[in-house]
Amino acid sequence: MLRNIFQVNNPKGVIGLNRRNIEFIYPHNQRKHYILADDKVKSKMILHENNIACARTYAVIDRISQIKSKWLELQNQQSLVIKPARGCGGEGIKILKKGKEGQWQSSGRNITDNQIFQHITSIISGLFSMASNDVCLIEECIVPHPFFAEIYDEGVPDFRIITLKGKPLMAMLRMPTSKSDGKANLHQKGVGIGVNMKYGTLTQVYDGKNYSNHHPDNTAQVNGKKIPYWFTMVQLAKKTAKVFPLEYLGIDLVIDKVKGPQIMEVNVRPGLGIQLVNKCGLQSTLS
């Protein structure tokens, strides 16, 4: 489908899954190192050890017997994120914040400790990772920079930068929508916004079918909008690429309101939708 769309609109340099695997992933990423990107706990360890800006790790839970005691240690936090170490596509991620009366809430609704325990148990049991077991990572909740709210003020958007041998090739901004339940992933009804990497500005919005100049829930034009900290993010992506023994990566970043650019995670098999978002093929970025 990706190839057919570009045969009509923009055939230059587009690659499909097979070509991505053969020319980008296999020659540049040794399989033994995949786990360093696929396992978010291992990724966070590398980021922390190299003093790369990222969300603080509050807890790592790998056994059901640890859940209650670890959770008790987190009650002084006002917000946090619970995620599976080996999840993908945003599955299993739960953002929790305390309401005015100190009750934990998820998506604005109260959630009990037992419901939280059940979710963590599901993570450890491998429900979101297609494995027999997994590890639960609990970390700091990023507060998005006001720049994002000017486009859409719900959920946690992020930038993805594709790198090859430490060189940034292509980027996009992934934004949640009213239909995506706070998730920025394109396949979960989020939208992608192209990035002009030379100037650090946004281009067109792509919703999976159509292009426009604005977010589907906001009529304000985004085309040409300046990205704060853009060149700092590019340097952060380069620094991150250097500390992983993987040459082809999808690096996800977010801009925190106080701390600025932060690495969210790294991906060893970044999807190809970024080509549709930017109306440009990855192969053409190498010339």
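Residues numbered from 1 in each chain as written. Predicted model: local features only at pLDDT ≥ 70, side-chain atom pairs only at ≥ 80, totals over all residues. Heavy atoms only, no water.

K.L.:
Is there a simple way to think about the packing of aromatic side chains in this case?
P.N.:
The geometry of two aromatic rings is summed up by the distance between their centres and the angle between their planes. For the coordinates displayed, the defined rule picks out six aromatic pairs. Through a chain of ring-to-ring contacts, the aromatic side chains of Phe147, Phe148, Phe159 and Trp230 assemble into a single cluster. The ring of Tyr211 has Lys279 lying over it, and the distance from NZ or CZ to the ring centre is 4.4 Å. (Phe/Tyr/Trp six-rings, centres within 6.5 Å; stacked < 30°, edge-to-face > 60°. Lys NZ or Arg CZ within 6 Å of the ring centre and 35° of its normal.)

K.L.:
I'm lost on the side chain of Asp134 in this one. Help?
P.N.:
Tracing the backbone through its elements, the reader meets Asp134 in the loop between helix 6 (113-124) and strand 6 (136-139). In this structure, Asp134 is buried with no salt-bridge partner, the nearest side chain bearing the opposite charge being Arg86 at 4.6 Å. A polar atom in the side chain of Asp134 sits 3.2 Å from the backbone nitrogen of Arg86. In this view, Asp134 contacts Pro84, Ala85, Arg86, Gly87, Ile123, Ile124, Gly126 and Ser129; residues no more than four positions away in its chain are not counted. (Helix = DSSP H or I, 4+ residues; strand = E, 2+ residues; numbered from the N terminus. Buried < 20%, exposed > 50% of the residue type's maximum accessible area, 1.4 Å probe, protein only. Lys, Arg positive; Asp, Glu negative; His and termini not counted. Salt bridge = Lys/Arg side-chain N within 4 Å of Asp/Glu carboxyl O. Polar contact = N/O pair within 3.5 Å; in protein donor to acceptor, adjacent residues only side chain to side chain. Contact = heavy atoms within 4.5 Å.)

K.L.:
Which parts of the structure should I look at to understand empty space enclosed by the protein?
P.N.:
Take a probe with the size of a water molecule and roll it over the atoms, and the empty space left behind shows itself. According to the stated counting rule, one finds one cavity of 30 Å³ or more in the structure shown. Quantified by volume, the largest cavity comes out at close to 40 Å³. Taken together, Lys40, Ser43, Lys44, Lys83, Leu137, Glu139, Met264, Glu265 and Val266 make up the full set of residues lining the largest cavity. For the lining of the largest cavity, the secondary-structure elements that each account for two or more residues are helix 4 (40-49), strand 6 and strand 13 (260-267). In the lining of the largest cavity, the residues fall into three nonpolar, one polar and five charged. (1 Å grid on protein atoms, 1.4 Å probe; cavity = no way out; pocket = protein on both sides within 12 Å on 5 of 7 lines; lining within 4 Å. Points joined across faces, edges and corners; volume = space filled by probe spheres on them. Nonpolar A, V, L, I, M, F, W, Y, C, P; charged D, E, K, R; others polar.)

K.L.:
Is there a simple way to think about the sheet that holds strand 9 (residues 191-196) in this case?
P.N.:
Strand-to-strand pairing in sheets goes through backbone hydrogen bonds, with the strands running parallel or antiparallel. Pairing within the open sheet is antiparallel, and its seven strands lie in the order 11-10-9-8-7-12-13. Because the sheet does not close on itself, it has two edges, and the strands there are strand 11 (211-212) and strand 13. Note that strand 7 (residues 158-164) and strand 8 (residues 167-175) share seven bridges and pair antiparallel. Within strand 8, the residue paired with Leu164 across the bridge is Lys167. In the packing of helix 2 (residues 17-28) onto the sheet, contacts are made with strand 7, strand 8 and strand 12 (248-256), and the angle to strand 12 comes to roughly 85°. (Pairing = 2+ DSSP bridges. Axes fitted to C-alpha atoms, helices over the stretch in contact; angles between N-to-C directions.)

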